[in-house]
Amino acid sequence: MRAIELRKKYIEFFEKHGHKAIPSAPVVPENDPTVLFTTAGMHPLVPYLLGEPHPQGKRLTDYQKCIRTGDIDSVGDPSHLTFFEMMGNWSLGDYFKKESIAMSYEFLKDVLGFDMNKISVTVFAGEEGIPRDEEAAIAWQNAGIPKERIYYCTREHNWWGPAGETGPCGPDTEIFYDTGKEKCSEHCDPTCSCGKYLEIWNNVFMQYNKTKEGKFEPLKAPNVDTGLGLERVISLLEGKSNVYETELFADVIDKVRELSKVENIQSYRIIADHLRASMFMIVDGVRPSNVEQGYVLRRLLRRVIRHMRKIEFDPNNITILVNTFVDVLTEMYPEIPANKETLVSVIEDEKTKFLKTLEQGEKDFDLLNQELKQLENDISLLNESKLRLEYEIKQRDEAYTKRIQDLKSDNENLQNALNDKNCVNKKLLEEKNCLENQLKNKEDEIDDLNNKINDINSKLGSTEDNKGGLQNILEELNADKANQKNQIEELVNDNKKLAQICKEQDHKLYLAGQEKARLGKKLGDDKAMLKNLDSKL
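Calculation criteria
Residues numbered from 1 in each chain as written. Predicted model: local features only at pLDDT ≥ 70, side-chain atom pairs only at ≥ 80, totals over all residues. Heavy atoms only, no water. Helix = DSSP H or I, 4+ residues; strand = E, 2+ residues; numbered from the N terminus. Polar contact = N/O pair within 3.5 Å; in protein donor to acceptor, adjacent residues only side chain to side chain. Contact = heavy atoms within 4.5 Å. Buried < 20%, exposed > 50% of the residue type's maximum accessible area, 1.4 Å probe, protein only. Axes fitted to C-alpha atoms, helices over the stretch in contact; angles between N-to-C directions. Parallel < 35°, antiparallel > 145°, perpendicular 65-115°, else oblique. Left-handed = near helix turned anticlockwise from the far one by under 90°. 1 Å grid on protein atoms, 1.4 Å probe; cavity = no way out; pocket = protein on both sides within 12 Å on 5 of 7 lines; lining within 4 Å. Points joined across faces, edges and corners; volume = space filled by probe spheres on them. Nonpolar A, V, L, I, M, F, W, Y, C, P; charged D, E, K, R; others polar. Phe/Tyr/Trp six-rings, centres within 6.5 Å; stacked < 30°, edge-to-face > 60°. Lys NZ or Arg CZ within 6 Å of the ring centre and 35° of its normal. Pairing = 2+ DSSP bridges. Salt bridge = Lys/Arg side-chain N within 4 Å of Asp/Glu carboxyl O. Right-handed = clockwise from strand over helix to strand, strands pointing away. Core = buried A, V, L, I, M, F, W, Y, C linked by side-chain atoms within 4.5 Å. Expected span 1.5 Å × (residues − 1).

Enquirer: Can you tell me about the side chain of Asn158, naming the residues and giving the values?
Expert: Secondary-structure assignment places Asn158 in helix H5 (residues 155–158). At a separation of 3.0 Å, a polar atom in the side chain of Asn158 contacts the main-chain carbonyl oxygen of Asp172. Beyond its immediate sequence surroundings of up to four residues, Asn158 is in contact with Thr122, Val123, Phe124, Cys153, Pro171, Asp172, Thr173 and Glu174.

Shown next as structure tokens:
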């Protein structure tokens, strides 16, 4: 079954059940500042969901073009898309859960021919103030889904809306198709993201309106909003493992593969997805800019170009892909070929701007890269200098340490010598004093002897014999006096020599202290140089 046939069968089925078909709204919501894009089919119908009567009645059906960017990081996996088509049916205060679930079951089983043994569903488990959705669970059992394939889940999985900050919302029931993959664990169920279960349809039961204050007020007339993903369902009907292998993408993916030099499935899919979404934005009046919808469009197109460069696909050939998409989408979306020239012009213009930006950025990057290489070279040289200086300082430090140890040893030896000198000086001084005392005593004795001789001479007269004998005694005394003076002079000279030796030793100690101070300063300077070098590195 082709995608356009699926859409036709869906609309016809619900028309047979009393629904009126309404056209798709643009991807940019009208008069709704709370969102940038139409993310679901309910956006154009918000006033009617809140109670305003719709001119077509209470039962409506449509197919709606949607844009969602919240899942952009998941684009490229088997099921997520930025632009997608949501087929929907609506009850504006008419039927509710029982009828909605029965019609969904009938369409899947009787119209599309699905094996209902592969269908599982989830319903809202309830929370404080909001009851468990047993009504939906019973409706599914009555339709034909056994209890073991009905799962109760939290708000995270089974609560819808509002689409913006405020608006209609309520519990939902989601329909999943079992792809046949093995369970990832014993706890694997439809809420798991392993890929075993593929969500295809969501029936939202809008029972509340969320206010600006965050309150949930019951709607006067509960509504039903359902959404069946066209791309996901067609992938199952075509027997494909993902949406990118369907007729909606296959030709474009093949063209990307043909014109690229690097194999990268993820990039192929991102290019196809983002380019298709961009084309629908442009058709509905969005232009690349730096604000709001225009900023999203610019990001998508520039991401397309980045991935083209990544797989070595010349961005100047982007128009080839645009033309391929025009051919693929012409039958389902006639507004695409009708705006072909605008599409090509806007996309080419944005491509040119971005390539210029990239070119300048690459030049700036090259300059920065050159500066980085020069910096790395400077750092390498500084590291070499650091290592050399560290080695030299280590050598000097060892030499200084040895020299200081030697000076300390010399200092100790000099100090010992000085102490010895002081001891000798003290001893010599004592001997000198002793000799001086002895000399004085001798001189006193000589003076006494001279006096005695003179007295004797005066009494005996000046005989030659007496005179000669006395003269000999006098000479002996004088010789003894002279000998004692010589001993004193030798002691004085020895004392002078020791004083000179002490003076020389004191000078050596002074020089050693100066050398020690100089070496300490040099060592400090070297360490400061090393610290400065470290700070530069």
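Enquirer: Before we move on, can you summarise the side chain of Asp172 with the specific residues and values?
Expert: Residue position: Asp172 is located in strand S7 (residues 167–178). Within the structure, the side chain of Asp172 is placed 3.4 Å from the side chain of Asn202, a separation counted as a polar contact. In this view, Asp172 contacts Thr122, Val123, Phe124, His157, Asn158, Trp159, Trp160, Asn202, Asn203, Val204 and Phe205; residues no more than four positions away in its chain are not counted.

Enquirer: Residues and numbers for helix H6 (residues 230–237), please.
Expert: The buried fraction of H6 is high, at six of eight residues. Taken together, the buried positions of H6 are occupied by Leu230, Glu231, Arg232, Val233, Ile234 and Ser235. Of the residues trailing H6, Gly239 is marked for its positive phi of about 70°.

Enquirer: Pulling in residues and values, what's your account of the packing of helix H7 (residues 250–259) against helix H10 (residues 318–329)?
Expert: Following both chains from N to C, one finds H7 and H10 inclined at 160°, their axes separated by 9 Å at the closest point. Between H7 and H10, the interaxial angle falls into the category roughly antiparallel. With respect to the hand of their crossing, H7 and H10 are arranged in right-handed fashion. Contacts from Asp251, Val252, Lys255, Val256 and Leu259 of H7 reach H10 at Ile320, Leu321, Thr324, Phe325 and Val328.

Enquirer: How would you summarise the layout of surface pockets if you had to cite specific residues and measurements?
Expert: Its volume calculated, the second largest pocket comes out at about 330 Å³. Forming the boundary of the second largest pocket are 20 residues, of which Glu30, Asp32, His43, Pro44 and Val46 lie nearest the centre. Mapped onto the lining of the second largest pocket, the elements with two or more residues apiece are helix H2 (46–49) and S7. Residues of the lining of the second largest pocket, tallied by class, amount to eleven nonpolar, seven polar and two charged.

Enquirer: Just give me the short version of the environment of Glu15, but keep the residues and values in it.
Expert: By secondary structure assignment, the location of Glu15 is in helix H1 (residues 3–16). Glu15 sits 74 residues away from Asn89 along the chain, and the two C-alpha atoms are 9.6 Å apart.

Enquirer: Account for the packing of helix H3 (residues 97–111) against helix H4 (residues 134–143), naming residues and giving values.
Expert: The angle between the axes and the distance between the axes are what describe a pair of packed helices. Where H3 meets H4, the axes come as close as 9 Å, and the angle between the chain directions of the two elements is 40°. When the interaxial angle is binned, H3 and H4 end up oblique. The two elements H3 and H4 cross, and the hand of that crossing is right-handed. Counted together, Lys97, Lys98, Ile101 and Tyr105 of H3 and Glu135, Ala136, Ala139, Trp140 and Ala143 of H4 form the full contact between these two elements.

Enquirer: Before we move on, can you summarise the packing of aromatic side chains with the specific residues and values?
Expert: Under the definition given, this model contains 17 aromatic pairs. When the ring of Phe280 is compared with that of Tyr333, the centres are 4.9 Å apart and the planes differ by 80°; the resulting orientation is edge-to-face. Note that Phe280 is positioned in helix H8 (residues 265–283) and Tyr333 in the loop between H10 and helix H11 (335–338), a separation of 53 residues in sequence. Each member of the pair, Phe280 together with Tyr333, is buried. Taking the ring centre of Tyr333 as reference, the NZ or CZ of Arg7 above it sits at 5.2 Å. Taking NZ or CZ as reference, Arg155 lies 4.4 Å from the ring centre of Trp159, over its face.

Enquirer: How would you sum up the pairing of strand S8 (residues 197–210)? Please name residues and give values.
Expert: Across the 14 residues that make up S8, a large majority, eleven, are buried. Inspection of the sheet shows S8 paired to strand S9 (residues 216–229) by nine bridges, in the antiparallel sense. What sits directly across from Met206, in S9, is Asn223. Hairpin geometry of S8 and S9 is characterised by an intervening segment of five residues between the two adjacent antiparallel strands and by a positive phi of about 85° at Gly214.

Enquirer: I'd like a rundown of the pattern of salt bridges, residues and numbers included.
Expert: A full pass over the atoms with the stated rule returns 19 salt bridges. In this structure, Arg59 engages Asp94 in a salt bridge whose closest nitrogen and oxygen atoms are separated by 2.5 Å. Within this pair, whereas Arg59 is found in strand S2 (residues 59–67), its partner Asp94 is found in the loop between strand S3 (83–92) and H3, the two being separated by 35 residues in sequence. Classification of Arg59 as partly exposed rests on a relative accessible area of 24%. Among the salt bridges present, the one from Asp349 reaches Lys353, with a minimum N-O distance of 3.4 Å. Here the residue Asp349 and the residue Lys353 both occupy positions in helix H12 (residues 340–460), the gap between them amounting to four residues, near one helical turn. Look at Asp349 and you get partly exposed, because its relative accessible area is 40%.

Enquirer: Can you lay out unusual backbone geometry for me, pointing to particular residues and giving the numbers?
Expert: Here Glu292, not a glycine, exhibits a phi torsion of approximately 45°, which is positive. Of the residues examined, Glu292 reaches a relative accessible area of 55% and is grouped as exposed. Of note in this structure, Glu312 is not a glycine but carries a positive phi near 60°. Looking at the element boundaries, Glu312 is found in the loop between helix H9 (292–310) and H10. You can call Glu312 partly exposed: its relative accessible area is 45%.

Enquirer: Explain the pairing of strand S5 (residues 150–153) residue by residue, including any values.
Expert: The pairing of strand S4 (residues 119–124) with S5 spans four bridges and is classified as parallel. Following the sheet pairing, Thr122 is matched in S5 by Tyr151. Where the polypeptide runs from S4 across H4 and back to S5, its parallel neighbour, the crossover connection is right-handed.

Enquirer: Can you tell me about the nonpolar core, naming the residues and giving the values?
Expert: In this structure, Phe114, Trp140, Ile200, Trp201, Leu275, Met279 and Ile336 are the most contacted members of the largest nonpolar core, which totals 88 residues. The leading source of residues in this core is H8, at eleven residues. Excluding residues that lie within four positions of it along the chain, Ile336 makes contacts with Met279, Phe280, Val283, Val326, Leu329 and Leu343. Ile22, Ala40, Met42 and Leu49 belong to the second largest nonpolar core, which has 13 residues in total.

Enquirer: Describe H3, listing the residues and the values that go with them.
Expert: Given a rise of 1.5 Å per residue, 15 residues ought to cover 21 Å, and the 20 Å separating the end C-alpha atoms of H3 matches this to within 8%. Residues Lys97, Ser100, Ile101, Met103, Ser104, Tyr105, Phe107 and Leu108 constitute the buried set of H3. Where H3 is buried, its residues meet H1, H4, S7, S8 and S9. Just downstream of H3, Gly113 is the residue with a positive phi angle, here 75°.

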